Amino acid sequence: GLCATLYSIAIFPSLGAASCTAQKPFICYYAEVQISNLNFKRFDQERKWLAAVRYCRRHHTDLADPQTVTEETDKEALKSITSKTEAWVGLYFSAASGSLRWSSDAGASVPTWLQVPEFGAGLCAGLCSYWSFSPRISAVACSSLKPFICFDDPTIGHRESAALPQLSYTPSSEVTMGTTPRPTVTSERSGTDMTDAATATQAQHLSSSNHPDAKENAPTPKPGQLFGILKADFLIPVLMNPEDMKDQFLSESGDLTMQSNPVEANTGREKALES
């Protein structure tokens, strides 16, 4: 339950110990390099890509955007804050445009020396270096925990109020499954409101056995071809006995199965009864 603190007495820094739940100032580690008028800072705190975007926009400008890094000396400078472990940069696959973009909203240009691989939905860019090679981009799941590289652009400042990148498709409420409200029906027995989709829509549905077009619409099986239909649009009252529900279900599905293959119908019923 104790964590280390750093303080100084006179001119010498010393380590202390304090409760890990105590609120204190803190010191982050980061590696920094300046390229042209941009400062790039690598943080070894592991975060998901969107969390890294929020942090960089709050404290700096955005996740690293090395679009302007083209000179050989600049590549070497950027390499000094990379390693074989990927660190998040601002490149990602935009679900809105279906293409690669930078979180800085400064365009979609990608220097060829970064050797960008194929990207798809849910993938973001990590920057890494191997041995003496120049830094290159890797496609990593955006939900992975990685170090990250921020950059500061004095001409832009912080971008905390900018809209977050869209990493995945968001379906509209009209087509989202499971969001349609069910009608509310009042129970006469309990006097409370209860949701009963079957009772509320009773006037809109017909049992398949009583439907006038049920037999006419049933496809005719070809010779030598097994054919089966599970017709399950019959109504089940809320207070119906489970055994009666089972018998009604089997009678609805079994009648059509018997028309095509009487031998396998009994087997199907036995399996249904067991389940």
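In the nomenclature of an unreviewed UniProt entry, the protein corresponds to C-type lectin domain-containing protein from the organism Balaenoptera physalus.

A. Inspection of the pattern of salt bridges at higher detail. Per the counting criterion, the structure on display carries eight salt bridges. One salt bridge connects Arg-57 with Asp-62, and the closest N-O pair in it is separated by 3.0 Å. With relative accessibility at 2%, the residue Arg-57 sits in the buried group. Salt-bridge contacts for Glu-86 lead to Lys-146; the nearest nitrogen and oxygen are separated by 3.1 Å. A residue pair is termed long-range when its members are at least 10 positions apart, and Glu-86 in the loop between helix H2 (72–79) and strand E6 (87–94) and Lys-146 in strand E10 (residues 146–152) qualify at 60 residues. Taken individually, Glu-86 and Lys-146 each receive the classification buried, so the pair is uniform in this respect.

B. How the structure looks around the nonpolar core. Core analysis: the biggest nonpolar cluster contains 22 residues, and Phe-40, Leu-78, Ile-81, Val-89, Leu-127, Ile-137 and Ile-149 have the highest contact counts within it. Among the secondary structure elements, those contributing two or more residues to this core are strand E3 (30–35), strand E4 (38–47), E6, strand E8 (123–128) and E10. With four residues, the single largest contributor to this core is E6. Here Val-89 is in contact with Trp-49, Leu-63, Ala-64, Ala-125, Leu-127, Ile-137 and Ile-149, once residues within four sequence places are set aside. By size, the runner-up hydrophobic cluster in this structure holds 15 residues, among which are Trp-49, Leu-63, Cys-124 and Cys-150.

C. Up close: helix H1 (residues 49–59). Every buried residue belonging to H1 is among Trp-49, Ala-52, Val-53, Tyr-55, Cys-56 and Arg-57, and all of these are buried. Looking at the packing, one finds that the buried side of H1 touches E4, strand E5 (62–63), E6, E8 and E10.

D. Focus on the state of the cysteines. Inspection of the entire model under this criterion finds three disulfides. The disulfide that involves Cys-56 links it to Cys-150, with 1.9 Å between the sulfurs. On the sign convention where negative is left-handed, the bridge of Cys-56 and Cys-150, at about -75° about the S-S bond, is left-handed. You can see Cys-56 sitting in helix H1 and its partner Cys-150 sitting in strand E10, a full 94 residues away along the chain. Across the pair, exposure class does not vary: Cys-56 and Cys-150 are buried alike. Disulfide pairing is shown between Cys-124 and Cys-142; the S-S distance is 2.1 Å. Handedness of the Cys-124-Cys-142 disulfide follows from its S-S torsion of about 95°: it is right-handed. Placement of the pair is Cys-124 in strand E8 and Cys-142 in the loop between strand E9 (136–141) and E10, with a sequence separation of 18 residues.

Calculation criteria
- Here the residue numbers are simple positions, counted from 1 along each chain's written sequence.
- Where totals are concerned, whole chains, interfaces and linings use all residues; where local detail is concerned, this predicted model gives features only for residues with pLDDT of at least 70, and gives and counts side-chain atom pairs only at 80 or more.
- Where side-chain values are given, they derive from all heavy atoms of the structure, hydrogens and water being excluded.
- When a carboxyl oxygen of Asp or Glu is within 4 Å of a side-chain nitrogen of Lys or Arg, the pair counts as a salt bridge.
- Only protein chains enter the accessibility calculation, which uses a 1.4 Å probe; a residue is then buried when its area is under 20% of its type maximum, exposed when over 50%, and partly exposed in between.
- By the criteria applied, helices consist of DSSP H or I runs no shorter than four residues and strands consist of E runs no shorter than two, each listed in order from the N terminus.
- Throughout, nonpolar core names a set of buried Ala, Val, Leu, Ile, Met, Phe, Trp, Tyr and Cys residues whose side chains join them through atoms within 4.5 Å.
- By definition in these notes, contact holds between two residues if any of their heavy atoms fall within 4.5 Å.
- Cysteine sulfur atoms are paired as a disulfide whenever they come within 2.5 Å of each other.

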